[in-house]
Amino acid sequence: MADLPDRREQIRLVHADFIRQVAETCRSPDRRGDFETLLQSAERNGWTALAAAVRRIAAGQRGQTIFAGLDDEDQVIAESILRGLQDPATLPKAGARPNATLAAPGLAHMIHAAARGNAQALALIGNMAEQMSGVGGNLGHLAAVIRPLINGERDPDRLCRGMDGQTTQLVLDILAQLGRLEAH
């Protein structure tokens, strides 16, 4: 899994708005209500461990114990919030978005590894698909094809049914990358 391109930065960019909002509301005592609203929303979306870690950070805790119980993605988010509180210049830029050209290879590598029995990859891609499904829309459509891709489905017409152009292109890029990986 170490060969995935800029994985930590991709995670930071995917969650840039959340990271910025948490860091900004955490620093401001008069925005404590907004801070709690963000964390409650995170908890409703299954990020209970992350919300608990962010509360520990807001309470002034430091050190590795903050990250206890977090998966890799949540740890990257928590570390980004902590760094952002210490130095706001390290926060992802407002409106930052992940590089879509890196999404397809990263997802394809995880799908390929999961299909070959890599338990870590299966857990990571499963967690990502669950979170995407919870968001709905285009991400929900993408999440719906993860399991079929792991199980070997490669028919673009079947996989892309009901998707918009951008999501269709992402699935086509994933299929192309999977084709290269499976050829080796």
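Residues numbered from 1 in each chain as written. Predicted model: local features only at pLDDT ≥ 70, side-chain atom pairs only at ≥ 80, totals over all residues. Heavy atoms only, no water.

Comments concerning the nonpolar core
Judged by nonpolar contacts, the single largest core of 27 residues is most densely connected at Ile111, Ile125, Leu142, Leu149, Val171 and Ile174. Among the secondary structure elements, those contributing two or more residues to this core are helix H6 (100-115), helix H7 (119-135), helix H8 (137-150) and helix H10 (165-183). Sorting elements by how many residues they give to this core places H6 first, with 7 residues. Judged by nonpolar contacts, the second largest core, of 26 residues, contains Ile19, Ala53, Leu70 and Leu91. (Core = buried A, V, L, I, M, F, W, Y, C linked by side-chain atoms within 4.5 Å. Buried < 20%, exposed > 50% of the residue type's maximum accessible area, 1.4 Å probe, protein only. Helix = DSSP H or I, 4+ residues; strand = E, 2+ residues; numbered from the N terminus.)

Digging into the pattern of salt bridges
Enumeration according to the criterion identifies 8 salt bridges in this entry. A salt bridge links aspartate 34 to arginine 31; the nearest nitrogen and oxygen atoms lie 3.3 Å apart. Relative accessible area serves as the criterion here: at 40%, aspartate 34 is assigned to the partly exposed category. With a closest N to O distance of 2.4 Å, arginine 154 and glutamate 182 form a salt bridge. (Salt bridge = Lys/Arg side-chain N within 4 Å of Asp/Glu carboxyl O.)

Topic: the environment of aspartate 157
Within the fold, aspartate 157 resides in helix H9 (residues 156-159). In this structure aspartate 157 comes out as exposed when scored by relative accessible area, which is 61%.

Thoughts on the packing of aromatic side chains
Applying the stated rule across the entire model yields 1 aromatic pair. Ring centres 5.5 Å apart and planes at 75° place the aromatic pair phenylalanine 18 and tryptophan 47 in the edge-to-face group. Separated by 29 residues along the polypeptide, phenylalanine 18 in helix H2 (residues 16-27) and tryptophan 47 in the loop between helix H3 (32-44) and helix H4 (48-58) bring together distant segments of the chain. The same class applies to phenylalanine 18 as to tryptophan 47, namely buried. (Phe/Tyr/Trp six-rings, centres within 6.5 Å; stacked < 30°, edge-to-face > 60°.)

Considering the side chain of threonine 167
With respect to the helices and strands, the residue threonine 167 is situated in helix H10. There is a polar contact of 2.7 Å between the side chain of threonine 167 and the side chain of aspartate 164. Residues in contact with threonine 167, not counting those within four places in the same chain, are Asn138 and Leu142. (Polar contact = N/O pair within 3.5 Å; in protein donor to acceptor, adjacent residues only side chain to side chain. Contact = heavy atoms within 4.5 Å.)

Some details on H3
Helical geometry: 3.6 residues make up each α-helical turn, so side chains three or four residues apart lie on a common side. The end-to-end C-alpha separation of H3 is 18 Å, in line with the 18 Å expected for 13 residues at 1.5 Å each. Burial in H3 covers these residues: Phe35, Leu38, Leu39 and Ala42. The arc that holds the buried residues of H3, viewed along the axis, is 90°, so those residues lie on one side. Where H3 is buried, its residues meet H2 and H4. Directly after H3, the chain includes glycine 46, whose backbone phi takes a positive value near 90°. (Expected span 1.5 Å × (residues − 1). Arc of directions from axis to C-beta.)

Focus: the packing of H2 against H3
Each packed pair of helices is defined by two parameters, the angle between the axes and the distance between the axes. Between H2 and H3, the least distance of the axes is 8 Å, while the angle of their chain directions is 145°. For H2 against H3, the interelement crossing comes out left-handed. Taking contact as the criterion, the partners of Phe18, Gln21, Val22, Thr25 and Cys26 in H2 are, on H3, Asp34, Phe35, Leu38, Leu39 and Ala42. Classifying every residue of the contact of H2 with H3 by side-chain character gives 7 nonpolar, 2 polar and 1 charged. (Axes fitted to C-alpha atoms, helices over the stretch in contact; angles between N-to-C directions. Left-handed = near helix turned anticlockwise from the far one by under 90°. Nonpolar A, V, L, I, M, F, W, Y, C, P; charged D, E, K, R; others polar.)

As for the confidence of the model for the protein
The predicted model of the protein averages 85 in pLDDT, with 92% of residues at 70 or higher. Of all helices and strands in the protein, the one with the weakest mean pLDDT is helix H1 (residues 7-14) (77), whereas H9 scores best (96). Note that pLDDT drops below 50 for residues 1-5; the model gives that stretch 12 contacts with residues more than four away or on any other chain. (pLDDT = per-residue confidence, 0-100.)

Notes on the packing of H2 against helix H5 (residues 72-86)
The contact between H2 and H5 brings their axes to 9 Å, and the two run at 45°. Judged by the inter-axis angle, H2 sits oblique to H5. Here the hand of the crossing between H2 and H5 comes out right-handed. Residues Phe18, Ile19, Val22, Ala23, Cys26 and Arg27 of H2 form the contact with H5, whose own contacting residues are Ile77, Ser80, Ile81, Gly84 and Leu85. (Parallel < 35°, antiparallel > 145°, perpendicular 65-115°, else oblique.)

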